[in-house]
Amino acid sequence: MELNILRADPAGNITVFVLDPVEKAQRAAIAEKIMAIPALKAEQVGYACAAEDDVDGHMEMMGGEFCGNATRAYGMYIAQQKGGLSAVKLRVSGYDHAVTAQVDLRSGTARAEMPCPRSVKRVTVNGHEGTLVDLTGIAHFVVEGVEPSEGFFRAAESIFSGIAGLDACGVIFLDAEKRSMIPLVKVIETGSLVWEGSCGSGTLASAIALSRGCDGDFSVALRQPAGTVRASVERQGGNVIAASIGGEVTLDEPMRITL
């Protein structure tokens, strides 16, 4: 099988977009093969889909999950394809309405609207209290003072079991003082567990945890293993009513691969 792909680097969260049509039933298996190609260093795979008349582009992730970094990277790709647009409207998996991405091709940055949390609650895992943020389709447990490990993820995994419609989940190992985080994310459909170079939804979850008790606008840039992502939230009466993430994005030239 030959496929046209595009490798994107949104703050180190390496994403490969398959530009040819692929049936949903084949996506998980194809994603696994793409992620196994050492030269690509892919952490996740997204699939370009035919765009409806009301949006500029349509993209779906390998497990049907929502991904903020992939959304803003795909937004940059569509902005380029449409002659340099500064704003594009996208339909993406795991989100119930069209998403707007703001793109600055000159500075090489893109910002994407993010879903507001469906719920936010304090949870304790192995004696460590953290914040469980359900973003609908993807949820993260943000915890401080814990050494990053797959073992802690496995201990925390059961807290996601009661969340309906979950496509992906992650544990975000946060160091609030250093403004840094390490994300470990699982895509449920593919079973992949990845130490991501950066994680957009995890950055948002961390911003929500850090802004607990605040009202008004809150913004934070969090350094991650391969890049920095900024998350902004607006709180009203303690509730998050608007959110976005942004940062650098680089796109390689499209290429053709054989699987």
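Above this text sits the structure in question.
All values reported here derive from a predicted model rather than from experimental measurement.

**Q** Would you explain the side chain of Arg235 in this entry?
**A** Inspection of the secondary structure puts Arg235 in strand β15 (residues 227-236). Here Ile208 takes part through its backbone oxygen, which lies 2.9 Å from a polar atom of the side chain of Arg235. The contacts of Arg235, once residues within four sequence positions are left out, are Ile208, Ser211, Arg212, Cys214, Asp215, Gly216 and Val240.

**Q** Which parts of the structure should I look at to understand the packing of aromatic side chains?
**A** This structure, assessed with the given rule, holds six aromatic pairs. Chaining the aromatic ring pairs together yields one cluster made of Phe141, Phe152, Phe173 and Trp195.

**Q** Quick question: what am I supposed to make of empty space enclosed by the protein here?
**A** One pass over the full model with this rule turns up one cavity of 30 Å³ or more. Here the largest cavity is characterised by a volume of approximately 110 Å³. Around the largest cavity sit 16 residues that line it, and Gln44, Glu65, Val185, Val187 and Glu196 are the ones nearest its centre. Broken down by secondary-structure element, the contributors of at least two residues to the lining of the largest cavity are β12 (180-187) and β13 (192-195). Split into classes, the residues belonging to the lining of the largest cavity amount to nine nonpolar, four polar and three charged.

**Q** Sorry, what's going on with the nonpolar core here?
**A** Nonpolar side chains tend to gather and get buried jointly when the protein is soluble and globular. Counting 50 residues, the largest nonpolar core has Phe17, Tyr74, Leu204 and Val233 as its most contacted members. For this core, the element with the most residues is helix α2 (residues 68-81), which contributes seven residues. Residues contacting Val233, with those up to four places away along its chain left out, are Leu204, Ala207, Ile208, Ser211, Gly216, Asp217, Phe218, Val240, Ala242 and Ala243. Among the nonpolar cores identified, the runner-up in size contains 18 residues, and Val125, Val143, Val171 and Phe173 belong to it.

**Q** I tried to follow α2 on my own but got confused; where do I start?
**A** Since there are 3.6 residues in each turn of an α-helix, residues three or four apart along the chain are aligned in direction. Relative to the 20 Å expected for 14 residues at 1.5 Å per residue, α2 spans 20 Å between its end C-alpha atoms, a close match to the ideal helical length. Taking burial as the measure, the 14 residues of α2 include 12 buried ones, the bulk of the element. Buried within α2 are the following residues: Gly68, Asn69, Ala70, Thr71, Arg72, Ala73, Tyr74, Gly75, Met76, Tyr77, Ile78 and Ala79.

**Q** Even after reading the chapter, I still don't get the side chain of Ser93, so can you show me in this structure?
**A** With respect to the helices and strands, the residue Ser93 is situated in the loop between β5 (87-92) and β6 (99-104). For Ser93, a relative accessible area of 10% puts it in the buried group. One polar contact links the side chain of Ser93 to the main-chain carbonyl oxygen of Glu65, over a distance of 2.6 Å.

**Q** Please clarify how the pattern of salt bridges should be interpreted in this entry.
**A** Opposite charge on two side chains permits pairing when their charged atoms draw close. Evaluation of the coordinates by the stated rule reveals 10 salt bridges. As a salt-bridge pair, Glu60 and Lys24 come within 3.8 Å of each other at their nearest N and O atoms. With Glu60 in strand β4 (residues 57-61) and Lys24 in helix α1 (residues 24-35), this residue pair connects regions lying 36 residues apart in the sequence. When the shortest N-O distance is used, the salt bridge between Glu60 and Arg27 registers 2.5 Å. On the criterion of sequence distance, the pair formed by Glu60 in strand β4 and Arg27 in helix α1 is long-range, its members being 33 residues apart. Looking at Glu60, the relative accessible area reads 13%, which means it is buried. The structure contains a network of salt bridges with shared partners spanning Lys24, Arg27 and Glu60.

**Q** Is there a simple way to explain the environment of Ala176 in this structure?
**A** Examined against the element boundaries, Ala176 turns out to sit in the loop between β11 (168-175) and β12. Apart from the residues lying within four places of it in its own chain, the contact partners of Ala176 are Glu144 and Leu210.

**Q** How should I be thinking about the environment of Gly151 in this particular structure?
**A** Following the sequence through the fold, Gly151 ends up in helix α3 (residues 150-156). Since its relative accessible area comes to 49%, Gly151 is described here as partly exposed. Expressed as a C-alpha distance, the spacing of Gly151 and Gly84, which sit 67 residues apart in the sequence, is 45 Å.

**Q** I keep staring at the environment of Ile159 and nothing clicks. Help me out?
**A** Take Ile159: it is sitting in the loop between α3 and β11. Linking Ile159 and Val123, residues 36 residues apart in sequence, is a C-alpha distance of 8.2 Å. Aside from chain neighbours lying at most four places away, what touches Ile159 is Val123, Val125, Leu132 and Phe141.

Rules behind the numbers
- Residues numbered from 1 in each chain as written.
- Predicted model: local features only at pLDDT ≥ 70, side-chain atom pairs only at ≥ 80, totals over all residues.
- Heavy atoms only, no water.
- Helix = DSSP H or I, 4+ residues; strand = E, 2+ residues; numbered from the N terminus.
- Polar contact = N/O pair within 3.5 Å; in protein donor to acceptor, adjacent residues only side chain to side chain.
- Contact = heavy atoms within 4.5 Å.
- Phe/Tyr/Trp six-rings, centres within 6.5 Å; stacked < 30°, edge-to-face > 60°.
- 1 Å grid on protein atoms, 1.4 Å probe; cavity = no way out; pocket = protein on both sides within 12 Å on 5 of 7 lines; lining within 4 Å.
- Points joined across faces, edges and corners; volume = space filled by probe spheres on them.
- Nonpolar A, V, L, I, M, F, W, Y, C, P; charged D, E, K, R; others polar.
- Core = buried A, V, L, I, M, F, W, Y, C linked by side-chain atoms within 4.5 Å.
- Buried < 20%, exposed > 50% of the residue type's maximum accessible area, 1.4 Å probe, protein only.
- Expected span 1.5 Å × (residues − 1).
- Salt bridge = Lys/Arg side-chain N within 4 Å of Asp/Glu carboxyl O.

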